[in-house]
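Chain by chain, the residues:
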Amino acid sequence: MDDHPGGDEVLLSATGKDATNDFEDVGHSDSAREMMEKYYIGEIDPKTVPAKRTYIPPQQTTYNPDKTPEFVIKILQFLVPLLILGLAIAVRHYTKKE
Ligand code: HEM
């Protein structure tokens, strides 16, 4: 692995599967192909390769434990920043030195 000119990371990323396409995509030279003979172990029986499992991401639900109606949350999301801004302006106005 240390001797691979393409580095060990690419090799590790291709382990546990058929790496033929990965190997071919790089466009390895003839000398690389000759070198491969040295490391050739054998053909993989395709029947033994586990079927590809597709990842189904979990359904995203918004955190709303007390079941507050969504429109109330939306209004609050709009109003709270406005209230903070208003408060900041009011504080600035009343604490301003003449
Ligand atoms: C026994 C198998 C392998 C051998 C003997 C081998 C050998 C080599 C050699 C000699 C090079 C230098 C460039 C060349 O002469 O083509 C190289 C580059 C490279 N190899 Fe491999 N390789 C093997 C498998 C793989 C696999 C499975 C991958 C991908 C997962 C890979 C990815 C790369 C990459 C990315 C480069 C760099 C290409 C570049 O920078 O142009 N190699 N390899």
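Keep in mind the model is a prediction, meaning the values are calculated, not measured.

The rules we used
Residues numbered from 1 in each chain as written. Predicted model: local features only at pLDDT ≥ 70, side-chain atom pairs only at ≥ 80, totals over all residues. Heavy atoms only, no water. UniProt positions renumbered as here; feature names shortened; annotations may be inferred. Helix = DSSP H or I, 4+ residues; strand = E, 2+ residues; numbered from the N terminus. Near = heavy atom within 4 Å. Polar contact = N/O pair within 3.5 Å; in protein donor to acceptor, adjacent residues only side chain to side chain. Nonpolar A, V, L, I, M, F, W, Y, C, P; charged D, E, K, R; others polar.

(A) Region of interest: the UniProt feature "transmembrane region" (unreviewed entry) in the chain. This chain's UniProt record puts "transmembrane region" (unreviewed entry) on residues 71–91. End C-alpha atoms of residues 71–91 are separated by 30 Å, and the span's content is 100% helix alongside 0% strand.

(B) Inspection of the site of the ligand at higher detail. Taken together, 14 residues form the shell around the ligand, and within it His-4, Val-10, Phe-23, His-28 and Ser-29 come nearest. Contact between the ligand and His-4: a nitrogen atom at 2.8 Å from a side-chain N or O atom of the residue. In this structure, an oxygen atom belonging to the ligand sits 2.6 Å away from a side-chain N or O atom of Ser-29. Split into classes, the residues belonging to the shell around the ligand amount to nine nonpolar, four polar and one charged.

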